[in-house]
Amino acid sequence: MKKIFVAATVQNAGKTTVSLGLFKAAQRKGYTPCFIKPVGQRYQIEAGDKVDEDAVLFKHALSAKGLPKDLNPVSIPRGFTRDYIFNRKKESLLGPICDAFSKVAEGCDVAIIEGTGHAGVGSVVDVSNAQVAHALGARCVIVSGGGIGSCIDEICLNRALFQDKDVPILGAIINKVYEEKYQSVAPAVRQGLQNKGIRCLGVVPYRKELAAPTMRQFKEELELEVLTGEQHLENRVEHMVVAAMSPQNMIKYLKHGSLVIVPGDRIDNILASVNSHLLRRKGEALRISGMMLTGGFVPPEGVRKMMYEAGVPVLLTENDTASAAFDARSMVAKIREEDKDKIQMAEELIGGWSGWVDIERLFENAPDVEV
């Protein structure tokens, strides 16, 4: 079996995107792949169990083999780490991981194993990425965000942690490189990695669509109330505008796909945003994706009617505008099972025919081993 452990230098570097692409590439090459995320931190309840959302994604969107709990045998809820420190049982987590892997890997010839955070994440509870990769007998692909100097530095640091646990490194994938910098970054990072004896398996361009959450995600992640536009919550947000200035200045910042974060009593800016949305039908303005009204203020009925008729999804929060904007900008747009477009884009970027990632070389250097 080819066991590929997908690690990263930092959180949100693109492990799930890479894992999706590799899973689909394995299928295209005629393999029977399985997926497991041994340790998860962002979980949801699935069949009564706490299951990492990436495992849920693979189970439902890609029909990954195994029970949801086996796809993510260990979830780390709030308070777990402190309890473990004082009641340490080293095999209490690693054992279930190995047992779950044996179940999902049965009958498969490729395993895509998604880590969590950098190589050392999980060390405090004795299941760091490096420890898990070693226990499962996997080889590692390190995913890093775009860049040159810091990118190579972080890859070398993570390589050292994996090597300390005798985990072979297949190579590195540099992800999210801005297109305007691609021609200068790609050759430099390839040569820089080569100088350090690390194989560069791919340099992948940034796609803003993968980072664009839907209004529904804002509603669910931030636990917000829907005022109007429930049927339009799948609108994707590509830009955010804090509309605390006067309308004539605020309107300059509106772009296609904007989320307008505005105090609920700023009727002037609310109306300006709605009118801009309405004018799109005449080709005179760009469509906003939605609005977030702050301060717990609800506009008058006439304004609410305009929002409804315009088809603008509007969310309500009790938070002040600064806090709401901070929460919105801090939210991570994880890929979900309903994000068919994102899943397809991940497949094309990582496992497609674009040539961004050297799939042939990656699978060639992931030797078959016994489960």
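Here the structure is shown first, and the text comes after it.
Counting restarts for each chain, with residues numbered from 1 along the sequence as it is written. Confidence filtering applies because this is a predicted model: local features only for residues at pLDDT of at least 70, side-chain atom pairs given and counted only at 80 or more, and all residues used for totals across whole chains, interfaces and linings. In computing side-chain values, all of the structure's heavy atoms are included and hydrogens and water are not.

1. What to know about a nonpolar patch on the surface
Let me state the cut-off plainly: Here a patch means residues that are over 30% exposed by relative accessible area and free of salt bridges, tied together within 9 Å if like-charged and within 5 Å if nonpolar (Val, Leu, Ile, Met, Phe, Trp, Tyr). Reported accessibility uses the Shrake-Rupley method at a 1.4 Å probe radius. Residues are deemed covered only where the shown protein chains occlude them. Here, a salt bridge means any side-chain nitrogen of Lys or Arg that lies within 4 Å of a carboxyl oxygen of Asp or Glu. Working definition: helices are DSSP H or I runs of at least four residues, strands are E runs of at least two. Numbering for both runs from the N terminus.
On the surface, I85, F86 and V124 cluster together into a nonpolar patch covering about 330 Å² of accessible area. Within the secondary structure, V124 sits in the loop between β7 (110-114) and α6 (129-136).

2. What about the pattern of salt bridges?
Side-chain pairs of opposite charge can arise where the charged atoms are in close proximity. Rules: For every residue, the accessible area (1.4 Å probe, protein chains only) is compared with the maximum for its type, and the residue is labelled buried under 20%, exposed over 50%, or partly exposed between those bounds.
Tallying each qualifying case throughout the model produces 19 salt bridges. In this structure, the salt-bridge partner of D54 is K37, at a minimum N-O distance of 2.8 Å. Of the two residues, D54 is situated in helix α2 (residues 53-61) and K37 in the loop between β2 (33-36) and β3 (39-40); the sequence distance between them amounts to 17 residues. The exposure class assigned to D54 is buried, which follows from its relative accessible area of 1%. A relative accessible area of 5% means that K37 is categorised as buried. For R42, the salt bridge identified is with E221, shortest N-O distance 3.2 Å. In this pair, R42 sits in the loop between β3 and β4 (43-46) while E221 sits in helix α9 (residues 215-221), placing the two residues 179 residues apart along the sequence. Take R42: its relative accessible area is 32%, and that puts it in the partly exposed class. Several salt bridges share partner residues, and in doing so they unite R42, E53, E220, E221, R336 and E338 into one network.

3. As for the packing of helix α5 (residues 91-105) against α6
In a pair of packed helices, the angle between the axes and the distance between the axes together describe the arrangement. How we decide: To define axes, lines are fitted to C-alpha atoms, for helices over the stretch in contact only, and angles between the resulting N-to-C directions are given on a 0 to 180 degree scale. Angles are sorted into four bins: roughly parallel if under 35 degrees, roughly antiparallel if over 145, roughly perpendicular if 65 to 115, and oblique for all others. Left-handed is the label given to a crossing in which the near helix is rotated counterclockwise from the far helix by less than a right angle, and right-handed is the label when the rotation is clockwise. The contact rule is simple, with two residues in contact once any of their heavy atoms fall within 4.5 Å. Three categories are distinguished: nonpolar for Ala, Val, Leu, Ile, Met, Phe, Trp, Tyr, Cys and Pro, charged for Asp, Glu, Lys and Arg, and polar for the others, with Gly belonging to the last.
Packing of α5 against α6 brings their axes to within 10 Å, and their N-to-C directions diverge by 45°. Between α5 and α6, the angle falls in the class oblique. Relative to α6, the crossing made by α5 is right-handed. In contact with L94, I97, C98 and F101 of α5, α6 contributes V132, A135 and L136. In terms of residue class, the contact of α5 with α6 is made up of seven nonpolar, no polar and no charged.

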